[in-house]
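Letter by letter, the chains look like this.
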Amino acid sequence: MEDKELFQMAESVLENAYAPYSKFKVGAALLSEDGRIFTGVNVENASYGGTICAERTACVKAVSEGAVNFRSIAVVSNKGKVCMCGICRQFISEFSMDIEVITGEDSEHLQSVKLRDLLPDSFTLQDNVEEGRKK
Ligand code: THU
């Protein structure tokens, strides 16, 4: 699966984003090691703190379906390039620091950065719990 294809999967769900408050629509497509793709959109809420980002929607869908090993995630918005927010960086770091985060203005202009580089010195409970991220 090429970055471009994954990005286009993210674009394909963008219109499903539920963003009546910010009007900032986001779509994500998460590629698991076994080749499955999980898409997600941001889902806002009148109680603003209840909002969930597209990346976490995709991740929650994946884990619910038994996928916890991820290769890459593509993210797109209706307002150009989007940078993954801090909460999503932390949330996804639970599963992998090596996941590639693919963003860009459009599918012809993509950048790919490892989560490890987007979230250095990240918080983990690795010394205190048996499950969860080990590196
Ligand atoms: N949002 C995402 O879905 N992903 C991000 O990485 C950044 C922000 C959403 C949350 C909210 O619905 C809207 O964009 C504006 O913050």
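Here, every reference points to the structure presented above.
Residues numbered from 1 in each chain as written. Predicted model: local features only at pLDDT ≥ 70, side-chain atom pairs only at ≥ 80, totals over all residues. Heavy atoms only, no water.

S.K.: Would you mind showing me how to read unusual backbone geometry here?
M.R.: Negative phi characterises most residues that are not glycine, and trans characterises most peptide bonds. Notably, Lys23 is not glycine yet its phi reads approximately 60°, a positive angle. Locating Lys23 in the fold gives a position in the loop between α1 (3-13) and β1 (26-32). Here Asp121, not a glycine, exhibits a phi torsion of approximately 50°, which is positive. Mapping Asp121 onto the fold places it in the segment after α4 (115-118). Taking the relative accessible area as the measure of exposure, Asp121 reaches 84% and is therefore exposed. (Helix = DSSP H or I, 4+ residues; strand = E, 2+ residues; numbered from the N terminus. Buried < 20%, exposed > 50% of the residue type's maximum accessible area, 1.4 Å probe, protein only.)

S.K.: Got a minute to help me understand the packing of aromatic side chains in this structure?
M.R.: Geometry of an aromatic ring pair is reported as the spacing of the ring centres plus the angle between the planes. A full pass over the atoms with the stated rule returns two aromatic pairs. Judged by centre distance (5.6 Å) and plane angle (45°), the rings of Tyr21 and Tyr48 are tilted. One end of the pair, Tyr21, is in the loop between α1 and β1; the other, Tyr48, is in the loop between β2 (37-41) and α2 (54-64), and 27 residues separate them in sequence. Since its relative accessible area comes to 59%, Tyr48 is described here as exposed. Relative to Phe95, the ring of Phe70 has its centre 5.9 Å away and its plane inclined at 80°; by these criteria the two rings are edge-to-face. Separated by 25 residues along the polypeptide, Phe70 in strand β3 (residues 70-77) and Phe95 in the loop between α3 (86-93) and β4 (100-104) bring together distant segments of the chain. The partly exposed category is assigned to Phe95, whose relative accessible area is 27%. (Phe/Tyr/Trp six-rings, centres within 6.5 Å; stacked < 30°, edge-to-face > 60°.)

S.K.: Whenever I open this one, the environment of Ala10 confuses me. Can you help?
M.R.: Inspection of the secondary structure assignment puts Ala10 in helix α1. Judged by its relative accessible area of 0%, Ala10 is buried. Sequence-wise, Ala10 and Thr51 are 41 residues apart; in three dimensions their C-alpha atoms are separated by 19 Å. Sequence-distant contacts of Ala10, defined by excluding residues within four places in its chain, comprise Gly27, Ala28, Ala29, Ala74 and Val76. (Contact = heavy atoms within 4.5 Å.)

S.K.: What is the right way to read the site of the ligand from this model?
M.R.: Ser22, Phe24, Val26, Asn42, Glu44, Thr51, Cys53, Ala54, Glu55, Cys83, Met84 and Cys85 make up every residue found near the ligand. With respect to the ligand, the backbone of Ala54 contributes an N or O atom lying 3.0 Å from an oxygen atom. Between the ligand and Cys85, the relevant distance is 3.1 Å, taken from an oxygen atom to a main-chain nitrogen or oxygen of the residue. Considering the ligand on its own, with 370 Å² of exposed area, one finds that the protein chains cover 79% of that surface. (Near = heavy atom within 4 Å. Polar contact = N/O pair within 3.5 Å; in protein donor to acceptor, adjacent residues only side chain to side chain. Areas by Shrake-Rupley, 256 points an atom, 1.4 Å probe, with all protein chains shown as cover.)

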